[in-house]
Amino acid sequence: MVERLSKNQRQERILMQLGNNVTVRIMSLAEQFNVTTETIRRDIDELTDKGLVSRTYGGAASNSLTTEPNIHQRRQANVAERERVARYAATLIEPGDVLMIDSGSTTGHFAKALAARIIKLTVLTNCIPVLQGFGGHPEVRVIMCPGEYRDTENGVYGHQTTSFLEHFQANKAIIGAGGITEIDVTDADAEASWVKRKMIERSERTLLLLDHGKFDKRMFDNVCSLKDIDDLIVDKKPPEVINRALKAASVRLHVAK
C-alpha cells in the first residue's frame, strides 16, 4: 500500500524532485503520491505563490537561480525538440568554418547532426560529447580545450579554458544557455558563463541554440545581452515580448519545425 503523505510532505518531495529534474508532471505526481490531480495542482499553486516553483503546462519547474539538472539529466528532457534545433543549426554552418562549440546537451546533438554533413571544419570545444559527436571524422579537426573536468557537465572549465580560447579566432560560436528573457541570456553556472562569453568574444557570429523550455527563464549569471547574439535557433516561436526584443536587437530568429 502506498504511503499516505501530508500536504507538507508532498510539497517537500515535489521540491526534492525538482532538484534533480527539469520539470515534474502533475499526472505522474498524483500516481506516485496516490492522490488526485486536483490535489497536486493545489500543491503546485501553493508552491508557486511562495515563489518556489513556476507553473508549466501540466506540471511545474524549479525557480532556483543557481541550480539546474546536470547534463546527463538534461539529455532526457525535450529530446526531440533539442534534436530538431540541432539539425537546423547544422544547416547554418559553411564548409571551412572554424567553430567554437560550448558544452551542453543541445550542442552535443548539434555535433552529431553536423558530423553527418561531411564537410571540412575546425572545431574548438570544452565539451566531451561534442568531441565524441565528431567521432574521428576525417574532415573535422577537433581541438579540445584544457581545464578542470566536471562530470556534471561532461566538459572542462576554468581559467585554463578561457585563456586557451584567447589564442584563437572563429567564424561562429555555438552556445546554449539556461534561459532567455526580453532583456538578456542567462545561465545557472558562472564558470560556464565565462566560457560562453569568451567564445562569443572570439567569434565573428554567435548562434544560440535553445528549446522552448528556456523562454522567460532567468538564471543566476548573465551570459550576454540579446544584441550579442546574431542567430537564435529554437523549436517554437518565443513569447511576443521576447520576439519584439529580438527584433529590436537585430537577432535573426530561426524556428526549427
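Since the model is a prediction, treat every value here as computed from it, not as a measurement. (Residues numbered from 1 in each chain as written. Predicted model: local features only at pLDDT ≥ 70, side-chain atom pairs only at ≥ 80, totals over all residues. Heavy atoms only, no water.)

**Student:** Lay out helix α1 (residues 7–18) in plain terms, naming residues and giving numbers.
**Tutor:** Between its terminal C-alpha atoms α1 stretches 17 Å, which fits the 16 Å expected from twelve residues at 1.5 Å a residue. Within the sequence span of α1, burial applies to Arg10, Gln11, Ile14 and Leu18. Projected down its long axis, α1 shows its buried positions confined to an angular sector of 95°, all on one face. Exposed residues pointing more than 90 degrees away from the buried face of α1 are listed as Glu12 and Met16. (Helix = DSSP H or I, 4+ residues; strand = E, 2+ residues; numbered from the N terminus. Expected span 1.5 Å × (residues − 1). Buried < 20%, exposed > 50% of the residue type's maximum accessible area, 1.4 Å probe, protein only. Arc of directions from axis to C-beta.)

**Student:** So what about the sheet that holds strand β15 (residues 252–255)? Which residues, and what values?
**Tutor:** Strand pairing in a sheet relies on backbone hydrogen bonds. The paired strands run either parallel or antiparallel. The seven strands lie next to each other as β6-β5-β4-β9-β12-β14-β15, forming an open sheet whose pairing is parallel. For this open sheet the edge positions go to β6 (140–144) and β15, each flanked by a neighbour on one side alone. Looking at each pair of strands side by side, their axes are set apart by 20° on average, direction ignored. Sheet topology places strand β4 (residues 98–101) next to strand β9 (residues 170–175); three bridges connect them, and they run parallel. Note that in β9 the partner of Leu99 across the bridge is Lys172. (Pairing = 2+ DSSP bridges. Axes fitted to C-alpha atoms, helices over the stretch in contact; angles between N-to-C directions.)

**Student:** So, the sheet that holds strand β10 (residues 179–180): which residues are in play, and what are the values?
**Tutor:** Taken in spatial order, the three strands of this open sheet run β10-β11-β13, and their pairing is antiparallel. Because the sheet does not close on itself, it has two edges, and the strands there are β10 and β13 (221–225). Pairing of strand β11 (residues 184–187) with β13 involves four bridges; the strand directions are antiparallel. Bridging across to β13, Thr186 finds its partner in Asn222. In the packing of helix α9 (residues 190–201) onto the sheet, the strands contacted are β11 and β13, and the crossing angle to β13 comes to about 15°. (Contact = heavy atoms within 4.5 Å.)

**Student:** Talk me through the pairing of β11; I want residue IDs and the actual numbers.
**Tutor:** Side-chain alternation along β11 places Asp184 and Thr186 on one buried face and Val185 and Asp187 on a second face that is also buried. Relative to β11, β10 runs antiparallel, the two sharing two bridges. Within the sheet, the bridge partner assigned to Ile180 lies in β11 and is Val185. The loop that links β10 with its antiparallel partner β11 comprises three residues.

**Student:** Describe the environment of Asp228, and please don't skip the residues or the numbers.
**Tutor:** Mapped onto the elements of the fold, Asp228 is located in the loop between β13 and β14 (231–234). Through-space distance from the C-alpha of Asp228 to that of Arg25 is 35 Å; in sequence the pair is 203 residues apart. Ignoring sequence-local partners within four residues, the contact set of Asp228 consists of Ile200 and Thr206.

**Student:** Lay out the packing of aromatic side chains in plain terms, naming residues and giving numbers.
**Tutor:** Under the counting rule described, the total for this entry stands at one aromatic pair. Between the aromatic rings of Phe164 and Phe168, the centroid separation amounts to 5.1 Å while the plane-to-plane angle is 55°, which identifies the pairing as tilted. Residue classification places Phe168 among the partly exposed positions, given a relative accessible area of 25%. Sitting above the plane of the Tyr157 ring, Arg150 keeps its charged end 4.7 Å from the centroid. Across from the ring centre of Trp194, 4.4 Å away, lies the NZ or CZ of Arg197, which sits over that ring. (Phe/Tyr/Trp six-rings, centres within 6.5 Å; stacked < 30°, edge-to-face > 60°. Lys NZ or Arg CZ within 6 Å of the ring centre and 35° of its normal.)

**Student:** So what about the pattern of salt bridges? Which residues, and what values?
**Tutor:** In total, this model carries 17 salt bridges according to the counting rule given. Note that Arg84 is salt-bridged to Asp235, the shortest N-O span being 3.9 Å. Taken together, the positions of Arg84 in helix α5 (residues 79–90) and Asp235 in the loop between β14 and α10 (240–248) put the pair 151 residues apart, joining distant regions of the chain. A residue is classified by how much of its surface remains accessible, and Arg84, at 24% relative accessible area, is partly exposed. (Salt bridge = Lys/Arg side-chain N within 4 Å of Asp/Glu carboxyl O.)

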